[in-house]
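Survey of secondary and tertiary structure
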Amino acid sequence: MSLSSAKNYALRAERSQDPKEAADLLAKAILELAASIEATDAKVKKINKSS
């Protein structure tokens, strides 16, 4: 779950010649972004609670 994974999926989708594969890779990129956002949100909430 990282931004770099999301970026890699998006770059692979961009180079893909197969529309189905590209769509699958973009879906994975979106899921990675969502997971990264959730992880960051949890960290921020934890920091805010401890302050």
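Owing to the predicted nature of the structure, the values given are computational and were not obtained by experimental measurement. For every chain, the first residue of the written sequence is number 1, and numbering continues from 1 onward in sequence order. Side-chain atom pairs in this predicted model are given and counted only at pLDDT of 80 or more, local residue features only at pLDDT of at least 70, and totals for whole chains, interfaces and linings cover all residues. To obtain the side-chain values, all non-hydrogen atoms of the structure were used and water was disregarded.

1. A few points about the overall build of the protein chain
We apply this condition: Numbering of helices and strands runs from the N terminus, with a helix taken as a DSSP run of H or I at least four residues long and a strand as a DSSP run of E at least two residues long. Radius of gyration here is computed from C-alpha atoms only, and the compact-globule reference equals 2.2 Å multiplied by the residue count raised to the power 0.38. Think of it in three bands: residues with accessible area under 20% of the maximum for their type are buried, residues over 50% are exposed, and the middle band is partly exposed, with areas taken using a 1.4 Å probe on protein chains only. Calculation of accessible area relied on Shrake-Rupley with a 1.4 Å probe; when residues are assessed, cover is drawn exclusively from the protein chains displayed.
A tally of regular secondary structure across the protein chain gives two helices and zero strands. Over its C-alpha atoms the protein chain spans a radius of gyration of 14 Å, topping by over 25% the 10 Å that the globule rule assigns to 51 residues. Within the span of the protein chain, comprising 51 residues, buried residues form 18% of the whole. For the protein chain, the exposed surface amounts to about 4,200 Å²; the carbon and sulfur share of it is 60%.

2. Observations concerning the environment of A29
Within the secondary structure, A29 sits in helix 2 (residues 19-50). Owing to a relative accessible area of 6%, A29 belongs among the buried residues under this scheme. Note: C-alpha distance between A29 and L11 (18 residues apart in sequence) is 9.4 Å.

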